[in-house]
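The chain contents come next:
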Amino acid sequence: MAGPRQSLLPTCALVATVAGALASSADASAGGAQVPPTHGGSGGAEYGQVVLSARDPRPVAQSLRVRPGSVTEGTTPPRITFRIEQQGVLTVRARLVLWPARGTGQVLRVGLGRVRTGRTITVRWPRGTRLVAGRYTVRLHATGPGGGTLLRRARASGRASLVVRAAPRPAATPTPAATPTPSAPLVRAGGVFPVQGPWSFGGDGARFGAARDGHVHQGQDIVAARGVPVVAPTAGTVRAVDYQRDGAGWYAVIDAVDGRSFFFAHCRAQTVVVRAGQPVTPGQRVCDVGNTGASSGPHLHFEIWTGGWRVDARSTPVDPLPQLRAWAGR
């Protein structure tokens, strides 16, 4: 019996050694993940180290919207909104450029200054902004603090389209040369001279009936500096306010209480302060002297009509000079 018992001893020792190794391994792995080594080996950040997210070096266009996408020249520009993102940056410098898409129109650049990131911004158009007819690509540009320019992505490129339609011409057109000679003027007491500032009646070419290309001059020009106020001579009601690019420019028509109609042409852009249907009193501001339309210099083109302004065949322009002299006391 002694022989077999001795032969089991090496086997028991081997089993004990293996069991001890397994127990040691189990103790080391219990309780979850191990602490990574202090140096090398893991390929990641060390235990306890703060992980910083990298900043995007360029601002990113998130959205650009133009509403409506089609407007008429001379009317209020469209509402444009946009949103720019740049991680870790509060503000970027931005600008908007309207670029003619098909060779028609006029380049317009609008500086927006510094704008907040992460917010929807509404563009504030500069006062007096006027869009010229044409098809445009609206481009958003931005520059971050580090000099990085706007990053354009496929889903949000920072570009949009805008169509500016040409303003329709008013029904009023120059009277052909064959128009019968106007009737004698009617001079009535009372009233205010329509130009409230230094003025003159100009030369012979400024007179009623002076020859024009294909027609005759139907009013009297009152030469004055740009920006001088133009007022209603008498009480009345505004019949029309409109724009004629190749003729009267910005103009207004007032039907006076005495039955006559007064026509004011070449008003300075964005200064007409009356609207159709509005009653006016003597001396009330209508617009400012300007040079819009087919005009060679700042002046007010003033007409007086009997039978209404271009109502029917009975509508007739009369020489306004005698009435203007009476209002001026000359």
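For the structure itself, look to the data block above.
Residues numbered from 1 in each chain as written. Predicted model: local features only at pLDDT ≥ 70, side-chain atom pairs only at ≥ 80, totals over all residues. Heavy atoms only, no water.

Q: Would you mind going over the overall build of the protein chain with me for this structure?
A: Helix and strand counts for the protein chain stand at 2 helices and 20 strands. Long-range contacts, defined as pairs at least 24 residues apart, comprise 67% of the intrachain contacts of the protein chain with a sequence gap of at least 6. Of the roughly 18600 Å² of accessible surface on the protein chain, 54% is carried by carbon and sulfur atoms. (Helix = DSSP H or I, 4+ residues; strand = E, 2+ residues; numbered from the N terminus. Contact = heavy atoms within 4.5 Å. Areas by Shrake-Rupley, 256 points an atom, 1.4 Å probe, with all protein chains shown as cover.)

Q: Even after reading the chapter, I still don't get the pairing of strand S12 (residues 220-224), so can you show me in this structure?
A: In regular strands, side chains alternate between the two faces of the sheet. Of all 5 residues making up S12, 4 are buried, and the element is well covered by its neighbours. Pairing geometry for strand S9 (residues 199-200) and S12, over 2 bridges, is antiparallel. Following the sheet pairing, Trp-199 is matched in S12 by Ala-224. Bridge count for S12 against strand S19 (residues 299-306) is 4 bridges, and the pairing is antiparallel. For Gln-220, the partnering residue across the bridge sits in S19 and is Phe-302. (Buried < 20%, exposed > 50% of the residue type's maximum accessible area, 1.4 Å probe, protein only. Pairing = 2+ DSSP bridges.)

Q: Can you walk me through the sheet that holds strand S6 (residues 120-122) in this structure?
A: Sheet strands line up and pair through hydrogen bonds in the backbone, either parallel or antiparallel. Strand order in the open sheet made by the 3 strands is S1-S3-S6, with antiparallel pairing throughout. Taken across any chain shown, the strands that pair with only one partner, and hence form the sheet edges, are strand S1 (60-67) and S6. Neighbour-to-neighbour, the strand axes of this sheet turn through a mean angle of 20°, independent of strand direction. (Axes fitted to C-alpha atoms, helices over the stretch in contact; angles between N-to-C directions.)

Q: What should I look at first to understand the nonpolar core in this one?
A: One broad rule of soluble globular proteins: the nonpolar side chains tend to lie buried together. The biggest cluster of nonpolar side chains holds 30 residues, and the ones touching the most others in it are Phe-193, Val-195, Ile-222 and Phe-302. Of all the elements, strand S15 (residues 249-256) adds the most residues to this core, at 4 residues. Not counting residues within four places of it along the chain, the set of residues in contact with Phe-302 comprises Pro-194, Gly-219, Gln-220, Ile-222, Pro-233, Phe-262, Phe-263, Phe-264, Pro-320, Leu-324 and Trp-327. Among the nonpolar cores identified, the runner-up in size contains 26 residues, and Phe-82, Ile-84, Val-115 and Leu-140 belong to it. (Core = buried A, V, L, I, M, F, W, Y, C linked by side-chain atoms within 4.5 Å.)

Q: Explanation requested: the pattern of salt bridges in the structure shown.
A: When the charged atoms of two side chains with opposite charge come close together, those side chains can pair. In the structure shown here, the tally under the stated rule is 7 salt bridges. Residue Asp-255 pairs with Arg-239 through a salt bridge whose shortest N-O separation is 3.0 Å. Pair noted here: Asp-255 is in strand S15 and Arg-239 is in strand S14 (residues 236-244), with a separation of 16 residues, a long-range link. Residue classification places Arg-239 among the partly exposed positions, given a relative accessible area of 37%. When the shortest N-O distance is used, the salt bridge between Arg-260 and Asp-258 registers 3.0 Å. Judged by its relative accessible area of 3%, Arg-260 falls in the buried class. When salt bridges with common partners are traced through the structure, they connect Arg-188, Asp-258 and Arg-260 into a single cluster. (Salt bridge = Lys/Arg side-chain N within 4 Å of Asp/Glu carboxyl O.)

Q: Would you explain the sheet that holds strand S5 (residues 108-116) in this entry?
A: Read from one edge of the open sheet, 5 strands run S2-S8-S7-S4-S5, paired in mixed fashion. Strand pairing shows two members of the sheet lacking a second neighbour, strand S2 (70-72) and S5, which therefore form its edges. Direction aside, neighbouring strands of the sheet carry axes that sit 25° apart on average. As paired strands, strand S4 (residues 91-100) and S5 are joined by 8 bridges and run antiparallel to one another. Opposite Arg-95, over in S5, you have Gly-111 as the bridge partner.

Q: When you look at the state of the cysteines in this model, what are you seeing that I'm missing?
A: Covalent bonding between the sulfur atoms of two cysteines is what defines a disulfide. Across all of its chains, the model carries 1 disulfide by this definition. Here Cys-267 pairs with Cys-287 through a disulfide, and the sulfurs are 2.2 Å apart. Taking the torsion about the S-S bond as the criterion, the Cys-267 to Cys-287 disulfide, at about -50°, is left-handed. A residue pair is termed long-range when its members are at least 10 positions apart, and Cys-267 in strand S16 (residues 261-267) and Cys-287 in strand S18 (residues 285-288) qualify at 20 residues. (Disulfide = S-S within 2.5 Å.)

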